[in-house]
Amino acid sequence: MKKILNRNIIIGLSSIGLFFILLILLLTVDRKGNVEGQIGLYGLNKTFLVNQYKESWDGLSDVILYISLGFLVGLAIYGLYQVSNKKNLLKVDKDILFVGCGILIIIFFWILFDKILIINYRPILVKMEAEASFPSTHVMLSTFILLSSGYCITKRESKNLIHTILGYAGFSSLVFICVLGRILSSMHWITDCLGGFLIGFGLFSLMIGLDKFFANKAH
């Protein structure tokens, strides 16, 4: 067990554990009505709510999501290239495979909380309809894809610590702007963004931990 539970896996599991603690709090603490549904931790969320739709911030967070998806497409193409060369999906680099698994898990969370178990609704109506908002899909995807892309790229291209730090700083800045954009646009409550970040960061940490585990096992 100790060989499996390296630091990154422990951080990832802890982050996902915090997500479920937040989920329990949202279902049980300070639930008040807003738009067409109940909002958990309403007092906290109301404190950080801009309460006015800002199209510019909404658009900026959309751009960051598109950038994230662009990196994801790049990783997918790299993975397909390896499959075509090695003729075996299991021989694709482990980190690329784990990114794909992470995306599947995020899709599961999106279906669960957007279509089945609705926790919170957006602070504003979108096209005169109330939409599910927890966790933020923008933040969840951007956090996981950008940080994972940073890891995959620096692992292959950068042997310089300074370049690695600057690379991660750049990707982390994009994640921060995305979080800020979702809050300042009034498209999400702060707990929506926190939930999305915990899932995205948790899966990212698990991806690194599992990649290092299999790398060590190979040696």
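For the structure, see preceding data.
Let me sum up the structure you'll find in this document. This is a predicted model, so every value here is computed, not measured.

Rules of the game
Residues numbered from 1 in each chain as written. Predicted model: local features only at pLDDT ≥ 70, side-chain atom pairs only at ≥ 80, totals over all residues. Heavy atoms only, no water. Helix = DSSP H or I, 4+ residues; strand = E, 2+ residues; numbered from the N terminus. Polar contact = N/O pair within 3.5 Å; in protein donor to acceptor, adjacent residues only side chain to side chain. Contact = heavy atoms within 4.5 Å. Buried < 20%, exposed > 50% of the residue type's maximum accessible area, 1.4 Å probe, protein only. Salt bridge = Lys/Arg side-chain N within 4 Å of Asp/Glu carboxyl O.

Points about the side chain of N120
Examined against the element boundaries, N120 turns out to sit in the loop between α4 (94-116) and α5 (137-157). Within the structure, the side chain of N120 is placed 3.0 Å from the backbone nitrogen of G40, a separation counted as a polar contact.

What to know about the side chain of S61
Here S61 shows up in helix α3 (residues 55-86). In contact with S61, other than residues within four places in its own chain, are H138, C178, G181 and R182.

Quick notes on unusual backbone geometry
In the segment running from F134 into P135, the intervening peptide bond is cis, with an omega of -15 degrees. Relative to the assigned elements, P135 resides in the loop between α4 and α5. The phi dihedral of L41 falls on the positive side, at around 50 degrees, and the residue is not glycine. Looking at the element boundaries, L41 is found in the loop between β2 (37-39) and α2 (42-47). The exposure class of L41 is buried, given its relative accessible area of 14%. The backbone phi angle of S186 is positive, close to 65 degrees, even though this residue is not glycine.

Let's talk about the pattern of salt bridges
Applying the stated criterion across every chain, the model contains five salt bridges. A salt bridge links D95 to K155; the nearest nitrogen and oxygen atoms lie 3.5 Å apart. In this pair, D95 sits in helix α4 while K155 sits in helix α5, placing the two residues 60 residues apart along the sequence. Taking relative accessible area as the criterion, D95 reaches 0% and is therefore assigned buried.

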